[in-house]
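Summary of structural features
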Amino acid sequence: METTGDVFKPPYMSFQTFWNFITELGENPLPPRIDRSIMNGKSGTDQANLFLALTSFGLIDDQAKVLPLLSNLTSADADARKSILRQMITEHYVEPMRVSSDNGTTKDLEDAFKEGYPSIASADTRRKAITFFLHAARVAGLELSVHFPKTRSGQGAPGAARARKPTRRKLAAASQDGGTSDGFDDTSADTSGDTYTVELDSGGTVSVVVKVNLFRLTTADRDFVIDLVDKLRGYRADAAAGAANGHGDKNGPSEEGPSGQPSGDGGGVTPE
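For the structure given in this document, a descriptive report is provided here. (Residues numbered from 1 in each chain as written. Predicted model: local features only at pLDDT ≥ 70, side-chain atom pairs only at ≥ 80, totals over all residues. Heavy atoms only, no water.)

**Some points on the overall build of the protein chain**
The criterion, for reference: Secondary structure elements are taken from DSSP: a helix is a run of H or I of four residues or more, a strand is a run of E of two residues or more, and numbering for both begins at the N terminus. Burial classes follow relative accessibility: with a 1.4 Å probe on protein chains only, a residue under 20% of its type's maximum area counts as buried, one over 50% as exposed, and anything between as partly exposed. We call two residues contacting when some pair of their heavy atoms lies within 4.5 Å. Note on areas: Shrake-Rupley, 1.4 Å probe, and residue coverage restricted to the protein chains presented here.
Per the secondary structure count, the protein chain includes nine helices and two strands. Mapped in sequence order, the helices and strands of the protein chain form the string α-α-α-α-α-α-α-α-β-β-α. With 272 residues in all, the protein chain has 36% of them scored as buried. If you take every contact in the protein chain between residues at least 6 apart in sequence, the share linking residues at least 24 apart comes to 54%. Looking at the protein chain as shown, the accessible area adds up to about 16000 Å², and 49% of this sits on carbon and sulfur atoms.

See the structure below:
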């Protein structure tokens, strides 16, 4: 995911993530280099995509050193920042903007990306790159062909946060009985997320708050969340089974997990 020479490689990440990162950089003096430590809290995929976008737009060099354009972009006010973004779009998306000025169609736009950016190997990546372009151009205030796909807030465009309906029932659906006896805290059934609490046999509790949009999770993230929920829900049943078999010990910590197996087998949850 590196840019070589003067060939522009269109970013294919969420434009909102990219633009928010630019805003975050503008809140403090810029370091001489952009490294992963300044992207704390972002996933490895987002970090790699940010490096690609920053390099492609000429905001950093191939050694991740900050270039003048990034300094100008982050130090500008909101209007000036959008003006710089317009220059970036018109400079790097020449053919898509030409297609737009000719009132081209979605198919024309797809062909422009396919022919103009051969480094994009797959149709899915090309679709994401087009989505980034559409959001970036509209945030920059550029007029686009009326035949181009429409974009909405939440598909990569930054904007005011929208009120969310409680998502508790999404995780509650993973429970067979949906009651509070399995550890769900009914008092937390609001937009702050779903809270699951288990009492440890050795004393103390472990609470996990899940606040996600299940429809936007990657396959790996979804598997991780569901696996975590299943382990938490299964703790009491496993602990009860262990106690019935004579493995429980509520007087102190044990070298066995709550299911009677060695503690390294994933039977419990280690808070991060």
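Right, picking up where we left off after that structure.
**Digging into the environment of Lys-42**
Checked against the element boundaries, Lys-42 lands in the loop between helix H1 (15-25) and helix H2 (44-56). The buried category is assigned to Lys-42, whose relative accessible area is 19%. C-alpha separation for the pair Lys-42 and Phe-21, spaced 21 residues apart in sequence, amounts to 10.0 Å. What Lys-42 contacts, discounting residues up to four positions off in sequence, is Phe-21, Glu-24, Gln-47 and Leu-50.

**Topic: the packing of H1 against helix H7 (residues 123-139)**
Put simply, the rule reads: Inter-axis angles, ranging from 0 to 180 degrees, are taken between N-to-C directions of lines fitted to C-alpha atoms, where helices are fitted over the stretch in contact. In this scheme, roughly parallel covers angles under 35 degrees and roughly antiparallel covers those over 145, while 65 to 115 is roughly perpendicular and the rest are oblique. Polarity classes work like this: nonpolar for Ala, Val, Leu, Ile, Met, Phe, Trp, Tyr, Cys and Pro, charged for Asp, Glu, Lys and Arg, and polar for all others, with Gly in that last group.
Closest axis-to-axis distance for the H1/H7 pair is 9 Å, and the angle between their directions is 50 degrees. Here H1 lies oblique to H7, going by the angle between them. Contacts between H1 and H7 involve Phe-15, Phe-18 and Trp-19 from the first element and Phe-132, His-135, Ala-136 and Val-139 from the second. Of the residues assigned to the contact of H1 with H7, the class counts are six nonpolar, one polar and no charged.

**Here we look at the pattern of salt bridges**
For the record, the criterion: Any carboxyl oxygen of Asp or Glu that lies within 4 Å of a side-chain nitrogen of Lys or Arg is treated as forming a salt bridge with it.
A complete count under the given rule lists six salt bridges for this structure. Between Asp-111 and Lys-107 there is a salt bridge, and its shortest N-O distance comes to 3.0 Å. Remark: Lys-107 and Asp-111 occur in helix H6 (residues 106-116); sequence separation between them is four residues, near one turn of the helix. Several salt bridges share partner residues, and in doing so they unite Glu-95, Arg-98 and Asp-102 into one network.

**Description of the pairing of strand E1 (residues 194-199)**
What counts, and what does not: Strand pairing is defined by DSSP finding a minimum of two bridges between the two strands.
Where E1 and strand E2 (residues 205-210) come together, six bridges link them in antiparallel fashion. Bridged to Glu-199 within E2 is Thr-205. What sits between E1 and E2 in their antiparallel hairpin is a turn of five residues, with Gly-203 showing a positive phi close to 105 degrees.

Coordinates in, geometry out; function isn't part of it.
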